[in-house]
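# Coordinates in review
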Amino acid sequence: MDYKEHTAIDAVLASFADTPDPRLREVVGAVARHLHALVQELRPTMAEWESAIAFLTAVGRMCDDSRQEFVLLSDVFGVSMLVETINGDAHGTEGTVLGPFHMTESPRRELGDSIDEVGTGAPCVITGAVTDLDGVPVPGAVVDVWQCDENGFYDVQQPGVQPAGNGRGLFRTDDEGGFWFRTVVPSHYPIPIDGPVGRLLQASRRHPYRPAHVHVIADAPGFTPLTTHMFVADSPYLDSDAVFAVKQSLVHDFAASADPDEAARYGVAVPFRRAHFPIRLVPAGNSS
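Residue positions are counted from 1 within each chain, in the order its sequence is given. Note on the predicted model: pLDDT of at least 70 is required for a residue's local features to be given, and 80 or more for side-chain atom pairs to be given and counted; whole-chain, interface and lining totals, by contrast, use all residues. Excluded from the side-chain calculation are hydrogens and water; included are all heavy atoms of the structure.

### A look at the overall build of the protein
Here is the rule we go by: Numbering of helices and strands runs from the N terminus, with a helix taken as a DSSP run of H or I at least four residues long and a strand as a DSSP run of E at least two residues long. Computed with the Shrake-Rupley method and a 1.4 Å probe, the accessible areas treat only the protein chains shown as cover for residues. Lys and Arg are tallied as positive, Asp and Glu as negative. Neither His nor the chain termini are counted. Note that the charge is assigned to NZ on lysines, CZ on arginines, CG on aspartates and CD on glutamates.
Helix and strand counts for the protein stand at seven helices and eleven strands. Projected onto the principal axes, the alpha-carbon positions of the protein cover approximately 80 × 40 × 30 Å. Carbon and sulfur atoms make up 56% of the accessible area of the protein, which totals about 15,400 Å². Positive and negative side-chain charges of the protein, numbering 21 and 39 respectively, have mean locations separated by a distance of 4 Å.

Below you can see the structure in the form of structure tokens.
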């Protein structure tokens with residue numbers, strides 16, 4: 001072997017040529033080709049390459065049971081949303097990124113329960129319906145929701161301030177495919193900036209903010225699981241989400257209501273906000 005710049009990629013590809021799994025062989029080959037092309041384009045110094053390795057090492061060290069810095073890195077480069085979009089289906093509810101805070105299991109709750117265990121924000125009622133592509137209700141679907149509080153923090157960011165499970169709930173739809181729960185209106189918030197991804201954004205003069213939203217995963221037997229968001233229509237940063245996850249079909253009005261009868265029906269005080277989120281699931285194996 002005589003490793004030269006013009007023969008480098010051929011030598012590396014040859015070393016992976018006997019990889020038994022064809023998909024793995026395809027993936028490592030593509031990664032090698034693109035990585036070599038990038039290095040040849042940028043021609044980094046040794047110091048720059050060491051800085052790149054140090055950055056990735058720092059990203060890994062920030063990952064734990066409640067923080068996934070590599071997901072955050074994928075998010076801010078728009079790769080998470082690109083993968084989501086490639087794998088999406090044009091007919092069902094559009095998907096978005098999972099995000100870095102789905103790191104703890106949501107507590108099981110009954111329809112109508114509140115996921116707000118602190119009780120300090122503006123009350124909000126969210127209703128929804130899970131159907132198939134023809135609008136037929138999907139009873140018994142599992143709907144997993146999680147959100148930040150009115151100050152922009154998730155429970156895992158404030159242990160000792162928010163109880164574990166605050167802002168989270170695992171619901172099952174009724175016979176008409178419906179679900180509803182009480183909560184608070186979430187705030188826009190910055191993604192974590194205390195790690196290497198935050199330093200990258202600062203160096204790039206990019207803001208770290210996400211518009212206000214509620215995360216949702218909907219799943220039912222015979223359907224493809226859906227990971228999506230419900231964005232608050234009047235939130236800042238809808239046009240410049242730090243992780244590129246906004247899709248217009250997912251922006252919903254959180255309308256104000258001062259109707260005391262409606263408030264009593266939902267067990268909230270007036271005034272409150274009200275939003276509805278219809279979810280259309282795609283049958284498993286359905287092609288886009």
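### What about the sheet that holds strand β4 (residues 178-184)?
Note the cut-off: DSSP-based pairing: two strands are paired if at least 2 bridges between them are found. Working convention: axes come from line fits to C-alpha atoms, limited for helices to the stretch in contact. Angles between N-to-C directions cover 0 to 180 degrees.
In space, the four strands of this open sheet follow the order β4-β1-β11-β10, with mixed pairing throughout. Both outer strands of the open sheet, β4 and β10 (255-257), are each paired with one neighbouring strand and no more. Going across the sheet, the axis of each strand differs from the next one's by a mean of 30°, ignoring polarity. Bridging between strand β1 (residues 123-131) and β4 involves seven bridges; their strand directions are antiparallel. Looking across to β4, one finds that T127 is bridged to W180.

### Quick word on the packing of helix α4 (residues 69-76) against helix α6 (residues 196-203)
Basically, it comes down to this: Orientation categories follow fixed angle ranges, with anything under 35 degrees roughly parallel, anything over 145 roughly antiparallel, 65 to 115 roughly perpendicular, and all other angles oblique. Whether two residues touch is decided by their heavy atoms; if any such pair falls within 4.5 Å, the residues are in contact. In the scheme used here, Gly and all other residues not listed as nonpolar or charged are polar, with Ala, Val, Leu, Ile, Met, Phe, Trp, Tyr, Cys and Pro taken as nonpolar and Asp, Glu, Lys and Arg as charged.
Contact geometry of α4 with α6 gives a least axis separation of 9 Å together with a crossing angle of 25°. One finds that α4 runs roughly parallel with respect to α6. Residues E69, L72, L73 and V76 of α4 form the contact with α6, whose own contacting residues are P196, V197, G198, L200 and L201. For the contact of α4 with α6, the per-class residue count stands at seven nonpolar, one polar and one charged.

### Some thoughts on the sheet that holds strand β7 (residues 213-219)
Taken together, the five strands give an open sheet; going across it, the order is β3-β2-β7-β8-β9, and neighbouring strands pair in mixed fashion. Bordering the open sheet on either side are β3 (168-172) and β9 (251-252), each of which pairs with just one other strand. Relative to β3, strand β2 (residues 142-146) runs antiparallel, the two sharing five bridges. By the bridge assignment, V143 is partnered in β3 with F171.

### Some thoughts on the nonpolar core
Buried together is how nonpolar side chains tend to be arranged in soluble globular proteins. As a reminder, the rule being used: For our purposes a nonpolar core is just a set of buried Ala, Val, Leu, Ile, Met, Phe, Trp, Tyr and Cys residues, chained together by side-chain atoms within 4.5 Å. A 1.4 Å probe rolled over the protein chains alone gives each residue an accessible area, and that area as a share of the maximum for its type sets the label: buried under 20%, exposed over 50%, partly exposed in between.
With 42 residues, the main nonpolar core has V130, V145, I279 and L281 as its most contacted residues. Among the secondary structure elements, those contributing two or more residues to this core are α4, β1, β2, β4, α6, β7, β8 (226-232) and β11 (272-280). Setting aside chain neighbours within four positions, we find V130 in contact with V136, P137, V138, A141, V143, T173, G177, F179, I279 and L281. W146, C148, Y154 and Y189 belong to the second-largest nonpolar core, a separate cluster that totals six residues.

### Some details on the environment of P139
Among the secondary structure elements, P139 is positioned in the loop between β1 and β2. With 55 residues separating them in the primary sequence, P139 and D194 have C-alpha atoms 42 Å apart. With near-sequence residues (within four places) excluded, P139 lies in contact with T173, D174, D175 and G177.

### Notes on the pattern of salt bridges
Note that side chains of opposite charge can pair when their charged atoms are close. The condition is simple: A pairing counts as a salt bridge when a side-chain nitrogen of Lys or Arg comes within 4 Å of a carboxyl oxygen of Asp or Glu.
If you walk through the whole model with that rule in mind, you get eleven salt bridges. Close ionic contact of E69 with R67 constitutes a salt bridge, the shortest N to O distance being 2.8 Å. With respect to burial, E69 and R67 carry one shared label: buried. One salt bridge in this structure joins E94 and K247, with 3.9 Å as the shortest N-O distance.

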